[in-house]
Amino acid sequence: MATLKKLFVDQLKDIYDAEHQIVEALPKLVKAASSDELKEAFSEHLEQTRNQIERLESVFSECGEAPARKTCKGMKGLLEEGEEAIKDESAGAVKDALLIGGAQKVEHYEIAEYGTLRAWAEELGLEDAVDLLGETLDEESDADERLTSIAEGGLLEEGVNEEATAGA
Ligand code: FE
Ligand code: ZN
Ligand code: FE
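Residues numbered from 1 in each chain as written. Chains lettered and ligands numbered in written order. Predicted model: local features only at pLDDT ≥ 70, side-chain atom pairs only at ≥ 80, totals over all residues. Heavy atoms only, no water.

J.: Before we go on, may I ask you to explain the pattern of salt bridges in this structure?
T.: Side-chain pairs of opposite charge can arise whenever the charged atoms involved come near each other. Tallying each qualifying case throughout the model produces nine salt bridges. Between Arg69 and Asp17 there is a salt bridge, with the nearest N and O atoms lying 2.9 Å from each other. Of this pair, Arg69 sits in the loop between α2 (36-62) and α3 (73-87) while Asp17 sits in helix α1 (residues 2-32), placing them 52 residues apart in sequence. Assessed through its relative accessible area of 47%, Arg69 is described here as partly exposed. Residue Arg50 pairs with Glu47 through a salt bridge whose shortest N-O separation is 2.8 Å. Taken together, the positions of Arg50 and Glu47, both in helix α2 and three residues apart, correspond to about one turn of that helix. By relative accessible area, Arg50 is classed as partly exposed at 38%. (Salt bridge = Lys/Arg side-chain N within 4 Å of Asp/Glu carboxyl O. Helix = DSSP H or I, 4+ residues; strand = E, 2+ residues; numbered from the N terminus. Buried < 20%, exposed > 50% of the residue type's maximum accessible area, 1.4 Å probe, protein only.)

Rendered as structure tokens:
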């Protein structure tokens with residue numbers, strides 16, 4: 001079990017770093033988004049993310065470890081792609097669709113990491129960690145679904161119509 005505990009703490013440091021990277025990135029997404037609905041979704045997820053960082057600090061403490069960051073290369077890559085989306089020349093609904101696509105990759109990555117962490121916490125008998133990681137996992141899934149519903153709520157059709165009008 002000593003080995004799984006070490007892997008767990010390593011992975012915890014990885015997601016702790018990833019969440020900090022996300023806190024830096026979300027304000028840029030709020031700024032780049034066109035629709036108020038999308039701006040609001042990103043702003044609210046920023047608040048949730050700060051809370052998720054605090055939950056991770058509680059998990060570190062349950063493990064008897066001080067919170068520490070270890071660069072999450074996966075998140076770094078995803079956010080570099082996100083940066084390209086932010087700089088993209090498209091505008092309005094099309095740009096929003098691009099930002100949503102990038103943000104959903106981030107949510108899916110987090111869902112994978114938290115799913116693994118929660119399973120390992122169960123294996124290690126870290127009961128509070130199981131609950132805390134599960135709460136965050138639910139928030140990431142909700143954030144993902146909210147983005148899907150914004151994208152499906154006419155955003156894409158709007159974008160296509162704008163293009164059709166421009167081309168006419
Ligand atoms: Fe998160
Ligand atoms: Zn990672
Ligand atoms: Fe998230």
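Alright, that's what it looks like, and here's the rest.
J.: Explain the layout of surface pockets to me, please; I cannot follow it from the model alone.
T.: Leftover empty space is mapped by rolling, across the atoms, a probe with the size of a water molecule. Quantified by volume, the largest pocket comes out at close to 420 Å³. Looking at the largest pocket, it is lined by 28 residues, and the ones nearest its centre are Ile22, Ala25, Leu26, Leu29 and Ala103. Of all the secondary-structure elements, those providing two or more residues to the lining of the largest pocket are α1, α2, α3, α4 (92-124) and α5 (127-167). Its residues assigned to classes, the lining of the largest pocket comprises 15 nonpolar, five polar and eight charged. (1 Å grid on protein atoms, 1.4 Å probe; cavity = no way out; pocket = protein on both sides within 12 Å on 5 of 7 lines; lining within 4 Å. Points joined across faces, edges and corners; volume = space filled by probe spheres on them. Nonpolar A, V, L, I, M, F, W, Y, C, P; charged D, E, K, R; others polar.)

J.: Sorry, what's going on with the packing of aromatic side chains here?
T.: For any pair of aromatic rings, the description rests on two quantities: the centre-to-centre distance and the angle between the ring planes. In the structure shown here, the tally under the stated rule is one aromatic pair. Judged by centre distance (5.3 Å) and plane angle (75 degrees), the rings of Tyr16 and Phe60 are edge-to-face. Taken together, the residues span a long stretch of sequence, with Tyr16 in helix α1 and Phe60 in helix α2 at a distance of 44 residues. Classification of Phe60 by relative accessible area gives buried; the value is 0%. (Phe/Tyr/Trp six-rings, centres within 6.5 Å; stacked < 30°, edge-to-face > 60°.)

J.: I would appreciate a short explanation of the coordination of the zinc ion (ligand 2) in the present structure.
T.: Coordination angles at a metal have ideal targets, namely 109.5 degrees for four tetrahedral donors and 90 or 180 degrees for six octahedral donors. For the zinc ion (ligand 2), the full set of protein donor atoms is Asp14 (OD), Cys72 (SG), Tyr109 (OH) and Glu113 (OE), at a range of 1.9 to 2.6 Å. Taken together, the four donor atoms coordinating the zinc ion (ligand 2) and their angles of 87 to 161 degrees define a geometry best described as irregular. As a motif over one chain, the donors of the zinc ion (ligand 2) read D-x57-C-x36-Y-x3-E. In this pair, Cys72 is assigned in the loop between α2 and α3 and Glu113 in helix α4, connecting sequence segments 41 residues apart. As far as the burial class goes, Cys72 and Glu113 line up, both buried. (Donors = N, O, S within 2.8 Å, 3.2 Å for Na, K, Ca; no water. Tetrahedral: all angles 85-135°; square planar, octahedral: opposite > 155°, others 65-115°.)

J.: Mind showing me how you'd approach the coordination of the iron ion (ligand 3) here?
T.: Distances from the iron ion (ligand 3) to its protein donors, His45 (NE2), Glu107 (OE), Glu107 (OE), Glu110 (OE) and Glu140 (OE), fall at 2.1 to 2.8 Å. Motif for the iron ion (ligand 3), donor spacing along one chain: H-x61-E-x2-E-x29-E. Look at Glu110 and you get buried, because its relative accessible area is 0%.

J.: Even after reading the chapter, I still don't get the packing of α1 against α4, so can you show me in this structure?
T.: Between two packed helices, what matters for the description is the angle formed by their axes and the separation of those axes. Two numbers describe how α1 lies on α4: the axes approach to 10 Å, and their chain directions differ by 160 degrees. The orientation of α1 relative to α4 falls into the category roughly antiparallel. In terms of crossing hand, the pair formed by α1 and α4 is left-handed. Residues belonging to the contact of α1 with α4 are distributed by class as follows: 16 nonpolar, one polar and eight charged. (Axes fitted to C-alpha atoms, helices over the stretch in contact; angles between N-to-C directions. Parallel < 35°, antiparallel > 145°, perpendicular 65-115°, else oblique. Left-handed = near helix turned anticlockwise from the far one by under 90°.)

Note that all results are geometric; they support no functional claim without further evidence.
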